[in-house]
Amino acid sequence: ENNNNSALRMVLIGPPGAGKGTQAPNLVNKFGAYHLSTGDMLRAQVSQGTPLGAEAKKIMDKGGLVSDEIMVGMIKNELSTNPVCQKSGFILDGFPRTIPQAEKLDEMLQDLKTPLQKAVELKVDDELLVSRITGRLIHPASGRSYHKMFNPPKQDMKDDVTGEPLIQRSDDNAEALKKRLDSYHKQTEPIVDYYKKKNIWAGIDAAQNPTKVWGDIIKCLGF
Ligand code: AP5
């Protein structure tokens, strides 16, 4: 039994472009916890050309949600076998995205005897998200995100850490974004109440600049 009960175990909730992928690396740096991004995991399957990746790409490009069964399986595998998650905790980014996923997560963590400590909601109005998403640049290998105007890389179109090229995501267009926002409000937002009832929810104004958002995250975690 090597589970560390004081390790950070949290969920980041927020609409597309809220800043989950921007803030998660800060949490990794500060706490040493593992960043589990289901979007990054699915995109890795797409770039590896797996059958699951091919199926997922169709759904992602349309802004829909991949099935609960597939997503729960992916996360269960990581939580039960990834040594960093067990020892140093995790930051879930993009999961859970439905009530059934949230319930399954609780079951898994109960089995591992390591309950969730915090569910942090990054709150931003839909109007702000369009410019964030259409200006986003990402480094596919690490999942790091930048923004053409709000968070530009040091060198044009290159990752700050590796110098590798940055790309735009195929679902980062106005049409897919509309559907992603729709999926968020209908299917994901109900998990906010789920975590409020469990008394582990904290809401943060994510329309502020990234440094202020980070400061508020640290505060709500009790540091
Ligand atoms: P996923 O990859 O999770 O996408 P998403 O939820 O739409 O979130 P994003 O990555 O778009 O946003 P973010 O909050 O990380 O924003 P970022 O920090 O980059 O999922 C993709 C797809 O996979 C889903 O649509 C679905 O199909 C599928 N999927 C994934 N998980 C699933 C699940 N559990 N169940 C079912 N299906 C699943 O920021 C955005 C931009 O804004 C960046 O350019 C950034 O530099 C900039 N920015 C960030 N913060 C600020 C700020 N404070 N001020 C100004 N600019 C900022």
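None of these values were measured; they are calculated from a predicted model.

Undergrad: Would you mind going over the side chain of Gln23 with me for this structure?
TA: Examined against the element boundaries, Gln23 turns out to sit in helix α1 (residues 20-31). Look at Gln23 and you get buried, because its relative accessible area is 3%. When residues no more than four places from it in sequence are discounted, the contact partners of Gln23 are Pro210, Val213, Trp214 and Ile217.

Undergrad: I would appreciate a short explanation of the UniProt feature "domain: Adenylate kinase active site lid" (unreviewed entry) in the protein chain in the present structure.
TA: If you check UniProt for "domain: Adenylate kinase active site lid" (unreviewed entry), the listed places come out as residues 136-171 in our numbering. Taken end to end, residues 136-171 is 0% helix and 22% strand, and its first and last C-alpha atoms sit 11 Å apart.

Undergrad: Sorry if this is basic, but what is going on with unusual backbone geometry here?
TA: Peptide bonds are, in most cases, trans, and in most cases residues other than glycine have a negative phi. Cis peptide bonds are those with omega within 30 degrees of zero, and the linkage from Phe95 to Pro96 qualifies with -5 degrees. Note that Pro96 resides in the loop between β3 (89-93) and α6 (99-111). Here the phi dihedral of Met157 falls at roughly 60 degrees; this positive angle occurs in a residue that is not glycine. The topology assignment puts Met157 in the loop between β6 (144-147) and α8 (174-188). Looking at Met157, the relative accessible area reads 34%, which means it is partly exposed.

Undergrad: Could you clarify how one ought to interpret the site of the ligand in this entry?
TA: Inspection of the region around the ligand gives 35 residues, with Thr22, Gly64, Arg97, Arg136 and Tyr146 positioned closest. Take Gly19: an N or O atom from its main chain is 2.9 Å from an oxygen atom of the ligand. One of the side-chain N or O atoms of Arg180 is found 2.7 Å from an oxygen atom in the ligand. The leading source of residues in the shell around the ligand is helix α2 (residues 38-48), at 4 residues. Across the shell around the ligand, the residue classes tally to 14 nonpolar, 14 polar and 7 charged.

Rules behind the numbers
Residues numbered from 1 in each chain as written. Predicted model: local features only at pLDDT ≥ 70, side-chain atom pairs only at ≥ 80, totals over all residues. Heavy atoms only, no water. Helix = DSSP H or I, 4+ residues; strand = E, 2+ residues; numbered from the N terminus. Buried < 20%, exposed > 50% of the residue type's maximum accessible area, 1.4 Å probe, protein only. Contact = heavy atoms within 4.5 Å. UniProt positions renumbered as here; feature names shortened; annotations may be inferred. Near = heavy atom within 4 Å. Polar contact = N/O pair within 3.5 Å; in protein donor to acceptor, adjacent residues only side chain to side chain. Nonpolar A, V, L, I, M, F, W, Y, C, P; charged D, E, K, R; others polar.

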